[in-house]
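# Descriptive structure summary
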Amino acid sequence: MPDDRSFAAAYAEEAFRSFRGYKRMADGTFAQLDDRGFFYLPDPESNSIAMLVKHISGNLRSRWTDFLTTDGEKPDRNRDQEFVLTAADTREELMRRWEASFETVFSTLKALTAEDFDKTMYIRSEPHSLIQAINRSLNHIAGHISQIVFLGKLVRGAEWKTLSIPRGKSAEFNAMKPDDRKVKSPTRG
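A brief look at the structure comes next. (Residues numbered from 1 in each chain as written. Predicted model: local features only at pLDDT ≥ 70, side-chain atom pairs only at ≥ 80, totals over all residues. Heavy atoms only, no water.)

### Digging into the overall build of the protein
Spelled out, the test is: To qualify as a helix, a DSSP run of H or I must reach at least 4 residues; to qualify as a strand, a run of E must reach at least 2; elements of each kind are numbered from the N terminus. Each residue gets one of three labels from its accessible area relative to the maximum for its type: buried under 20%, exposed over 50%, partly exposed in between, using a 1.4 Å probe on protein chains only. Whether two residues touch is decided by their heavy atoms; if any such pair falls within 4.5 Å, the residues are in contact. The protein chains shown are the only cover counted for residues, whose accessible areas, like all others here, come from Shrake-Rupley with a 1.4 Å probe.
When helices and strands are counted, the protein shows seven helices and two strands. Starting at the N terminus, the α and β elements of the protein follow one another as α-α-α-α-β-β-α-α-α. Overall size of the protein, expressed as C-alpha extent along the three principal axes, is 50 × 50 × 25 Å. Evaluated residue by residue, the protein yields a buried proportion of 40% over its 189 residues. Partitioning the intrachain contacts of the protein with sequence separation of at least 6 by distance along the chain shows that 72% fall at a separation of at least 24. Approximately 11,000 Å² of the protein is accessible, and the part contributed by carbon and sulfur atoms is 52%.

If you want it as structure tokens, here you go:
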């Protein structure tokens, strides 16, 4: 059985890689969209990519700011307003929040110690172990980033550039050397 320090370091590193991979998937989608696609709303009850960016950014900022010492649901967060776009919610501003929120996640993960894994975190006053809090955040963004990718594919149609292995190309991908796969698959770690 691994010692606590090696487990903590390995888990924090894998969490970092996972957050980075999800962010790359979303960033790969954003790169393919003009503003019309970024703000496209399929119907009044759906979310646009812009809304999802605003929500993920607000969620990550709230959860990961002072991660070990304050409740993950910050008093200044207004979750419902994350799904309402205003004139101030330009693409540039939303992307600034996106980058800042992920930087908070990455810097927090890099700073974790083995001792931190013994601490209890709170989200909406509910206790969480460090692993539970990280997994909750990863699961949350994974779902929303899948929505971002789906909307990007919907908007781009036949012009969509896949973010993983293209259809019909599995055998070709599997035949590549592992180092070459990293170049061909931008979403990997």
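Structure shown, so let's carry the discussion forward.
### Observations regarding empty space enclosed by the protein
Using the following cut-off: Buriedness for pockets is judged along seven lines, at least five of which must meet protein on both sides within 12 Å for an open set on the 1 Å grid over protein atoms alone, while cavities are sets there where a 1.4 Å probe fits but cannot get out, and lining residues have an atom within 4 Å of a point. Grid points are joined across faces, edges and corners, and a volume is the space filled by probe spheres set on the points. Amino acids outside the nonpolar list (Ala, Val, Leu, Ile, Met, Phe, Trp, Tyr, Cys, Pro) and the charged list (Asp, Glu, Lys, Arg) are all regarded as polar, and Gly is one of them.
Counted by the stated rule, this structure contains one cavity of 30 Å³ or more. Of the voids in this model, the largest cavity is the one considered here, and its volume is about 60 Å³. Counting residues per element, the ones that place at least two in the lining of the largest cavity are helix H3 (49–64), strand S1 (120–123) and helix H5 (130–156). Residue composition of the lining of the largest cavity, grouped by class: six nonpolar, three polar and one charged.

### Comments concerning the packing of aromatic side chains
Let me state the cut-off plainly: Each aromatic pair joins two rings of Phe, Tyr and Trp (for Trp, the six-membered one) with centres within 6.5 Å, and gets the label stacked for planes under 30 degrees apart, edge-to-face for over 60, and tilted for any other angle.
Across all of its chains, the model carries 11 aromatic pairs by this definition. Relative to Phe-117, the ring of Phe-7 lies with its centre 6.3 Å away and its plane at 75°, an arrangement referred to as edge-to-face. On the criterion of sequence distance, the pair formed by Phe-7 in helix H1 (residues 4–30) and Phe-117 in the loop between helix H4 (91–111) and S1 is long-range, its members being 110 residues apart. Of the residues examined, Phe-117 reaches a relative accessible area of 15% and is grouped as buried. Judged by centre distance (6.0 Å) and plane angle (90°), the ring pair of Tyr-11 and Phe-117 falls under edge-to-face. In this pair, Tyr-11 sits in helix H1 while Phe-117 sits in the loop between H4 and S1, placing the two residues 106 residues apart along the sequence. Here Tyr-11 falls in the buried class, since its relative accessible area comes to 16%. In this structure an aromatic cluster arises from ring pairing among Phe-16, Phe-30, Phe-38, Phe-39, Trp-98, Phe-102 and Phe-106.

### Focus: the pattern of salt bridges
The test is simple: Salt-bridge detection follows one rule: a side-chain nitrogen of Lys or Arg within 4 Å of a carboxyl oxygen of Asp or Glu.
Tallied over the full model, the rule gives 17 salt bridges. With a closest N to O distance of 2.7 Å, Arg-77 and Glu-82 form a salt bridge. The class for Glu-82 is buried, based on a relative accessible area of 5%. Salt bridges sharing partners connect three or more residues here, namely Lys-54, Asp-89, Glu-93, Arg-96 and Arg-97.

### Focus on the packing of H3 against H4
Cut-off, in case you're wondering: All axes are obtained by fitting lines to C-alpha atoms, using only the stretch in contact for helices, and the reported angles, taken between N-to-C directions, cover 0 to 180 degrees. By convention, the crossing between two helices is left-handed when the near helix turns anticlockwise from the far helix through less than a right angle, and right-handed when the turn is clockwise.
Following both chains from N to C, one finds H3 and H4 inclined at 35°, their axes separated by 8 Å at the closest point. The handedness of the crossing between H3 and H4 is left-handed. Residues Ala-50, Val-53, Lys-54, Ile-56, Ser-57, Leu-60, Arg-61 and Trp-64 of H3 form the contact with H4, whose participating residues are Leu-94, Met-95, Arg-97, Trp-98, Ser-101, Phe-102, Thr-104, Val-105, Thr-108 and Leu-109. The residue makeup of the contact of H3 with H4, split by class, is 11 nonpolar, four polar and three charged.

### Let's talk about the nonpolar core
For the record, the criterion: To form a nonpolar core, buried Ala, Val, Leu, Ile, Met, Phe, Trp, Tyr and Cys residues must be joined to one another through side-chain atoms within 4.5 Å.
By size, the foremost hydrophobic cluster in this structure holds 41 residues, and its most contacted members are Phe-19, Phe-30, Val-53, Trp-98, Leu-109, Ile-134 and Ile-148. Contributions of two or more residues to this core are made by H1, H3, H4, S1 and H5. Examining the composition of this core, we find that nine residues originate from one element, H5, more than from any other.

### Some points on H3
The following threshold applies: Under the convention used throughout, the expected extent of a helix is 1.5 Å for every residue step, that is, one less than its residue count.
For H3, which comprises 16 residues, the first-to-last C-alpha distance of 22 Å matches the rise-based estimate of 22 Å (1.5 Å per residue) to within 8%. Most of H3 sits out of view: 15 of its 16 residues are buried. At the exit of H3 stands Asp-66, carrying a positive phi of roughly 50°.

### Digging into a nonpolar patch on the surface
Under the convention used in this document: Patch criteria: residues need more than 30% relative accessible area and no salt bridge. Like-charged residues are merged within 9 Å; nonpolar side chains of Val, Leu, Ile, Met, Phe, Trp and Tyr are merged within 5 Å.
A cluster of nonpolar side chains, namely Tyr-40, Phe-150 and Leu-154, defines an oily patch on the protein surface of about 300 Å² accessible area. With respect to the secondary-structure elements, Tyr-40 resides in the loop between helix H2 (35–38) and H3. The class for Tyr-40 is partly exposed, based on a relative accessible area of 31%.

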